[in-house]
Amino acid sequence: MNYAEASDPQTLNPLNMSDMISFRFSNLLYNSLIGINVDMIPEPELLVSLEPEISQDKKIYTFKLRKGVTWQDGREVTAEDIKFTFDVISNPKTETNIKRLGDMFQDVKVLGSYTVQFILREPCPKEIVLSKLFFKIIPHHIFDKDFIREDDEFGISKVLGSGPYKFKSWQKGKNIELRWNEHYFKGWPALKEDKHRIKKMDMIVNRDEVVAKTNLRQGWIHLIPAVRPVDYPELRSDPYCKLIAYNSRGFAYFGYNFNHPFLKDALVRQALTFAVDKKGMLQKIYGSEFVDKNQIIDGPFPAGEGDPDIKSREYNVNKAKELLRQAGFRDEDGDGILEKNGQKFVVSLKAFVKEESFRRICTMYQKHLRDIGIMLTNNEVEFMEMNKWRKDVYNKNFDVVFGYWAFSEDTNIVEDLFSYAAIRQGGNNFVSYQNPQVEKLLRLDRNTYDPDARKKNKYELHRIIHNDCPYTFLFTLPQYAGVRSSVLKGVEIHPYHFFSFITNWYLVGSEDE
């Protein structure tokens, strides 16, 4: 099976990846303690059960591991690998954006080859503990150190997991080759003679998305995980292809660096949000069908997850200008650019190159800023490749940043993006947002067993962040995969762990079947 991505993965190391191409790919190679079944319900993966032994003080959780699970080199997966993975994540030298796990877990202990114990810093409900166990496990026996860097051999030329496919080779800018893991512990379903197991998989780097679409229609590739909206009509009309929708838990945003003297003012950030025509962006870039789906958001949650009573900041240029006036900005010299304390309101905007629709969002935003007297540095958006974007953004070398987050079902979005702990190097709070009330509510949520109380906390967090406006939250969009459905069958797609059900996919022998 051949499938096309617009660029290489950032890395094949599951502990320090932050882009969707890498996340998708990781599910072909690695496993977690807990997985998600086809009904989107958590189920044990490397664990035997989701019912751990819990100490009376609710600070020690003891789990049993499956026996007979092996790494792709034949070595058995044991509790040592679980502890090693946790120790690597927690090591200050490690470059990872999931270091927050160390905030909840004080230690992980090995109680035999198949028993692992998680020791918490404070009591916590079982549901929250389980929600933190979706991270991928890496093999202890191939490492000679207890930390990882982005440029390490592991994840680039040395790749070893326990998942359904084995790494064979990676030619940067061209392709990654995988082979099936015939000893995969979950097994492979039996197939009839006319159906063919996917024993070889190639991820092809195809930077030209027009060419990728053409290759799908001509049968040279079998899958495009994320089709451009502009290509929907053509693929829908092709009898040999099919679009499969999957609603990722994510959203597009513009983020504001709180270290900037102007952007640290909440009035300014609110003004920038009022200046953005979200509905107009959707209509012009994606088409009216998206506007009808209530995808516009006003806080850190995808549509339907946050407080329904929060009122949207509708597009209002006059309101934006008034808030900037209240914040002390004036156009003193009549050149159309606002000033304060003798400094022009000029900011940089950094965005990663993903697809043409993202470029158009940024250029529309640039015009919206110009309409209220704010200019971009050198009067242009800085579009860059993902790795360069990530380096600049995580080093807080930006004023305004455009991005698109996608979250797994276990992620506490507020904790991941807006907590104190996430400000540290490699953390996702690169805008450096801080609010003591948010920290208090996050602590309460970690120790609250009552679902109604947790819902109340979530709504209050939504209200606080909506008011503080660390981001201009834009919209969440359904994703569509393009499938060569005449030959690729049995395709089910997980909204975040894209290839979770890959063992059920198969190929048939000809276009007519």
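Anyway, here's the lowdown on the structure attached to this text. Chains are numbered independently. Their residues run from 1 in the order of the written sequence. In keeping with the model being predicted, local features are shown solely for residues with a pLDDT of at least 70 and side-chain atom pairs are shown and tallied solely at 80 or more, while totals for entire chains, interfaces and linings include all residues. With hydrogens and water stripped out, all remaining heavy atoms of the structure feed into the side-chain values.

1. A closer look at the side chain of N175
Line of reasoning, step 1. Under the DSSP-based scheme used, a helix requires at least four consecutive residues in state H or I and a strand at least two consecutive residues in state E, with every element numbered from the N terminus. Residue position: N175 is located in strand β9 (residues 175–180).
Line of reasoning, step 2. Three exposure classes are used, based on accessible area relative to the maximum for each residue type with a 1.4 Å probe and protein chains only: buried under 20%, partly exposed in between, and exposed over 50%. We classify N175 as buried; its relative accessible area is 11%.
Line of reasoning, step 3. Other than its neighbours up to four places away in sequence, N175 contacts S169, W170, D202, M203, I204 and V205. Residue contacts follow a heavy-atom distance rule, with two residues in contact if any of their heavy atoms lie within 4.5 Å.

2. Description of the packing of aromatic side chains
Line of reasoning, step 1. The aromatic pairing rule takes the rings of Phe, Tyr and Trp, using the six-membered ring of Trp, and pairs them if the centres are within 6.5 Å, calling planes under 30 degrees apart stacked, those over 60 edge-to-face and the rest tilted. Under the definition given, this model contains 37 aromatic pairs.
Line of reasoning, step 2. Relative to F154, the ring of Y30 has its centre 6.5 Å away and its plane inclined at 65°; by these criteria the two rings are edge-to-face. Of the two residues, Y30 is situated in the loop between α1 (20–29) and β2 (34–36) and F154 in the loop between α4 (126–131) and β8 (165–171); the sequence distance between them amounts to 124 residues. This pair shows no difference in class: Y30 is buried, exactly as F154 is.
Line of reasoning, step 3. Aromatic pair Y246 and F498: ring centres 5.4 Å apart, planes at 80°, arrangement edge-to-face. Taken together, the residues Y246 in strand β13 (residues 242–246) and F498 in the loop between β24 (488–489) and β25 (506–508) connect sequence positions 252 residues apart. By the burial criterion, Y246 is buried, and F498 matches it.
Line of reasoning, step 4. Charge over a ring is defined by NZ of Lys or CZ of Arg lying within 6 Å of the ring centre and within 35 degrees of the ring normal. Directly above the ring of Y394 sits R390, whose terminal nitrogen or CZ lies 4.7 Å from the centroid.
Line of reasoning, step 5. The ring of F301 is capped by K458, whose NZ or CZ atom sits 4.9 Å from the centre of that ring.

3. A few points about the pairing of strand β7 (residues 115–120)
Line of reasoning, step 1. For β7, a buried count of 6 out of 6 residues is recorded, marking the element as mostly surrounded by other parts of the structure.
Line of reasoning, step 2. Alternating residues of β7 divide into T115, Q117 and I119 and V116, F118 and L120, and every residue in both groups is buried.
Line of reasoning, step 3. Note: two strands are recorded as paired if DSSP finds a minimum of 2 bridges between them. Note: strand β5 (residues 60–64) against β7, 5 bridges, orientation antiparallel. Each bridged residue has a counterpart across the sheet, and for I60 the counterpart in β7 is I119.
Line of reasoning, step 4. Here strand β6 (residues 105–110) pairs with β7 via 5 bridges, running antiparallel. Paired with V108 across the two strands is F118, which belongs to β7.
Line of reasoning, step 5. Adjacent in sequence and paired antiparallel, β6 and β7 are bridged by 4 residues, among which G112 carries a positive phi angle near 115°.

4. Overview of α1
Line of reasoning, step 1. Within α1, 9 of the 10 residues are buried, which leaves it mostly tucked inside the rest of the structure.
Line of reasoning, step 2. The inward-facing, buried residues of α1 contact β1 (2–5), β8, β9, β11 (200–205) and β13.

5. Points about the side chain of K278
Line of reasoning, step 1. Residue position: K278 is located in helix α8 (residues 278–286).
Line of reasoning, step 2. Under the relative-accessibility criterion, K278 is labelled buried at 5%.
Line of reasoning, step 3. Nitrogen and oxygen atoms within 3.5 Å of one another constitute a polar contact, given that in protein one can donate a hydrogen and the other can accept it, and given that sequence-neighbouring residues count only through two side-chain atoms. At a separation of 3.3 Å, a polar atom in the side chain of K278 contacts the side chain of D298.
Line of reasoning, step 4. Setting aside residues no more than four positions away along its own chain, K278 makes contact with I296, I297, D298, T472, F473, L474 and F475.

6. Some points on the pattern of salt bridges
Opposite charge on two side chains lets them pair, provided their charged atoms get close.
Line of reasoning, step 1. Each reported salt bridge corresponds to a side-chain nitrogen of Lys or Arg within 4 Å of a carboxyl oxygen of Asp or Glu. Evaluated as defined, the whole model comprises 28 salt bridges.
Line of reasoning, step 2. Between K168 and E177 there is a salt bridge, with its nearest N and O atoms 3.8 Å apart.
Line of reasoning, step 3. Relative accessible area serves as the criterion here: at 15%, E177 is assigned to the buried category.
Line of reasoning, step 4. It is possible to trace a salt-bridge network through shared partners that takes in K213, R217, R228, D231, E234 and D238.

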